[in-house]
Amino acid sequence: MQMMTRNVLLDMEQEEEEDDEEDGDIVLENLEQTIVSNCGSLENQQDFRAPEFEEFNGKPDSLFFNDGQRRIDFVLVYEDEQRKETNKKGTNEKQRRKRQAYESNLICKGLELEATRSVLDDKLVFVKVHAPWEVLCTYAEIMHIKLPLKPNDLKTRSSAFRHLNWFTKVLSVDENMIKPEQEFFTAPFEKNRMNDFYIVDKDSFFNPATRSRIVYFILSRVTYQVINNVSKFGINRLVSSGIYKAAFPLHDCKFGQQSEDPSCPNERYLLYREWAHPRSIYKKQPLDLIRKYYGEKIGIYFAWLGYYTQMLLLAAVVGVACFLYGYLNQDNCTWSKEVCDPDIGGNIIMCPQCDKLCPFWKLNITCESSKKLCIFDSFGTLVFAVFMGIWVTLFLEFWKRRQAELEYEWDTVELQQEEQARPEYEAQCNHVVINEITQEEERIPFTACGKCIRITLCASAVFFWILLIIASVIGIIVYRLSVFIVFSTTLPKSFNGTDPIQKYLTPQMATSITASIISFIIIMILNTIYEKVAIMITNFELPRTQTDYENSLTMKMFLFQFVNYYSSCFYIAFFKGKFVGYPGDPVYWLGKYRNEECDPGGCLLELTTQLTIIMGGKAIWNNIQEVLLPWVMNLIGRYRRVSGSENISPRWEQDYHLQPMGKLGLFYEYLEMIIQFGFVTLFVASFPLAPLLALVNNILEIRVDAWKLTTQFRRMVPEKAQDIGAWQPIMQGIAVLAVVTNAMIIAFTSDMIPRLVYYWSFSIPPYGDHADYTMEGYINNTLSIFNISDFKDKSKPDSNSGLGNHTTCRQYRDFRNPPGHPQEYKHNIYYWHVVAAKLAFVIVMEHVIYSVKFFISYAIPDVSKSTKSKIKREKYLTQKLLHENHMTKNMGIIIQKMAEVVDNNLRPKSD
């Protein structure tokens, strides 16, 4: 069979004409003069190169064609048009012709096909694809795949913790089950240097993952239709249009038991037993086997997630210590005691929190929330915020080193130079330009002007959706302002100590909880819609490589998710209660709704509540989506198959009935973890237990993802990946922003700075009355006095219930002069001291942490010295090996020619 190596990229018209001279063309008369290039013609149906039909041989674990020699590298599944129940003759005929043309062109590319009908549903046909040795070699060179030259004889450095081998052995996978992979020196494959490569056995030289990659590369680029010089090609489009129902590589065995085939490596079984099974939750991940079975892209995700989880252990320990510090010292919280004291907090009458309907109320009804606030708003919070600013830098820098090690071990150091253009990009390359470097012609999909137009349209679409999220946040704020009035009029405003609900269900808490739940629901709905929009925008943008595509999609999705998930937290932390005015002159939102106010202790506790609901709700929702849904779908499908037939099904049919992996692959796994990373770093000053919750979640997440991949989903096409892509700069941006947000949370959201100012300046003369530094009198000092006769008609309460004989009330924390003062209701000296202290704290904290971060980043190189040496050494030895082999071959040719010359000279001349 003639190999068609030239049609790797989409053929232009001239190339199609040349191919037609060799192989003919397929003309689909009924499809508007549609031409399907490369093989056969429709007028002569026998010119189609169709796969051979074979009956299932009864071997359910077989990974080979019926001859037992040719390995199955990929499986295509379609429904026989002639046996469909809803038979639309015209549509089915068109689909059949496209499929026949596609399969014929696959055969022309050198692939070998074998078709087998389903043993459970005779309408389904499974087309098994095998790539012969010549095809593998040809495309391995085209794809620049690195393959072994010789075994790696470089000595590995002994571990510094070798005296703890007994402990690490317990945490490691069983080496009797998963043997360490042999390391090789590698180089990009070249057919003319085939003898230089370490080929012990042709059947094992290309491992199953590499074979699947090569076959998928071909499947993604073979055309099946050309209309008006526009090519339609690729298995993805055929699957999405319903011509094929699925396309996937095979798992090598069942996950719960080993294959009966002695040649099967049983890697899926090993991964399930030593990685995905719950009893292996304490063990290290077998990253090399994960990479070998699923490819580098899956491997780098689990390597990153495992490393992130390990680093969270340190953050969780420090966070728990800070939490315990606050918990154990809450009894020493003087200001909370004053709030709860019936003689102090019980006698402080607070001003109404809304216009007209809200009554006066006593401060001591916030007793329980003030006790909780003492746990989180303590000195430990400041220490933990500074620690997390340093921790995130250490994590990112050490991950870069670990990533560099994996790049060396997994042969992805020069991956960017090897990556091929996406077939969708190649299909649109209709414009010819001169390359500035090579001064040669090359094809691009659009001009510079066209690119600018596309970028502008894409940016506008993203900006529109971000504005839509902001609009939803404003809607939540309006809800909070509206419903707070209802809660304020219906919930009790006095605390009698007998009703336990009164301790916790304050108007502020009820509003916060309901708003958080509604915000979470809106977040989930907008996520679902925006996913499809982001994919459409990125497809229109047309990135060149798969890495560029994923990075572009990642940035769009994260910008959206950042605003979606964090906007409510930013509102509570930095806007709520900051612009409320005072009872005689309140500030109104949209000219109608009176701005929300915080508890006397600030909005920190409400921010903690918001974080807990979003993080907890998100984790539960993701687990339902990721685990329960595919498990239930597979369970239903398994029940239907068992009830319908008891036949033994082959490996390809078992895999077909598993759930397909989404088009975005692990994108949502990354996104889930990065959003969590943002919660752990951006707002950690309000919730020191966030790293602990993230640690527990991630330990389970690793095993849940592993279980899902090995048991519930079809095997993904192995893909190369050098790093975690655009997620790395996103994490770096979050790390920089986290320093600012935590400094501002401590300064403007918590009550720490006002308390320190009072303790060191206003508790003693000349401003205070105490002889020594103390926190006594803090609450009374920070709640300004307001004369109820100064209420405006718009905001004056309808009832004076709860006021008693008082003629004044206290507004929420503000530092204003009392009635009768020359500067009545203007900010007092305490306010300006607090503002100056807050600004000074933010500036000092930011500069200190940024200085430490810069020093750490400078002191820790991205690539360790040993890894650099290994990379240079391998490159040197690889070049030396190839050069020596080349010289040896040339010397052999020279010696042979010299021998021929000498032989000719010594031979006697004939007369």
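Residues numbered from 1 in each chain as written. Predicted model: local features only at pLDDT ≥ 70, side-chain atom pairs only at ≥ 80, totals over all residues. Heavy atoms only, no water.

Now for the nonpolar core. Ranked by size, the top nonpolar core spans 161 residues in total, and within it W304, W391, F395, F679 and F683 carry the most contacts. In terms of residue count, the dominant contributor to this core is helix α10 (residues 296-328) (15 residues). Non-local contacts of F679, meaning those with residues more than four positions away in its chain, are made with Y565, Y566, C569, L611, I614, M615 and V684. Counting 42 residues, the second largest nonpolar core, distinct from the first, contains V129, A187, F197 and V222. (Core = buried A, V, L, I, M, F, W, Y, C linked by side-chain atoms within 4.5 Å. Buried < 20%, exposed > 50% of the residue type's maximum accessible area, 1.4 Å probe, protein only. Helix = DSSP H or I, 4+ residues; strand = E, 2+ residues; numbered from the N terminus. Contact = heavy atoms within 4.5 Å.)

All right, on to the packing of α10 against helix α22 (residues 667-682) then. Direction vectors running N to C along α10 and α22 enclose 20°, while the axes themselves pass 11 Å from each other. Relative to α22, α10 is oriented roughly parallel. α22 is crossed by α10, and the crossing has left-handed handedness. Residues I300, Y301, W304, L305, Y308 and L312 of α10 touch α22, and the partners they reach there are E669, Y670, M673, I674, Q676, F677 and V680. Each residue belonging to the contact of α10 with α22 can be placed in one class, and the counts come to 11 nonpolar, 1 polar and 1 charged. (Axes fitted to C-alpha atoms, helices over the stretch in contact; angles between N-to-C directions. Parallel < 35°, antiparallel > 145°, perpendicular 65-115°, else oblique. Left-handed = near helix turned anticlockwise from the far one by under 90°. Nonpolar A, V, L, I, M, F, W, Y, C, P; charged D, E, K, R; others polar.)

Here the focus is the environment of P151. Inspection of the secondary structure assignment puts P151 in strand β7 (residues 146-151). Its relative accessible area of 29% is what places P151 among the partly exposed residues. A C-alpha to C-alpha distance of 6.0 Å links P151 and E183, two positions 32 residues apart in sequence. Once residues within four sequence positions are removed from consideration, P151 is found in contact with Q182, E183, F184, F185 and Y198.

Relative to the helices and strands, I753 resides in helix α25 (residues 752-762). On the basis of relative accessible area, I753 is assigned to the buried category, the value being 5%. Sequence-wise, I753 and H833 are 80 residues apart; in three dimensions their C-alpha atoms are separated by 9.9 Å. Filtering out sequence-adjacent residues up to four positions away, I753 remains in contact with I746, A747, V834, A837, K838 and F841.

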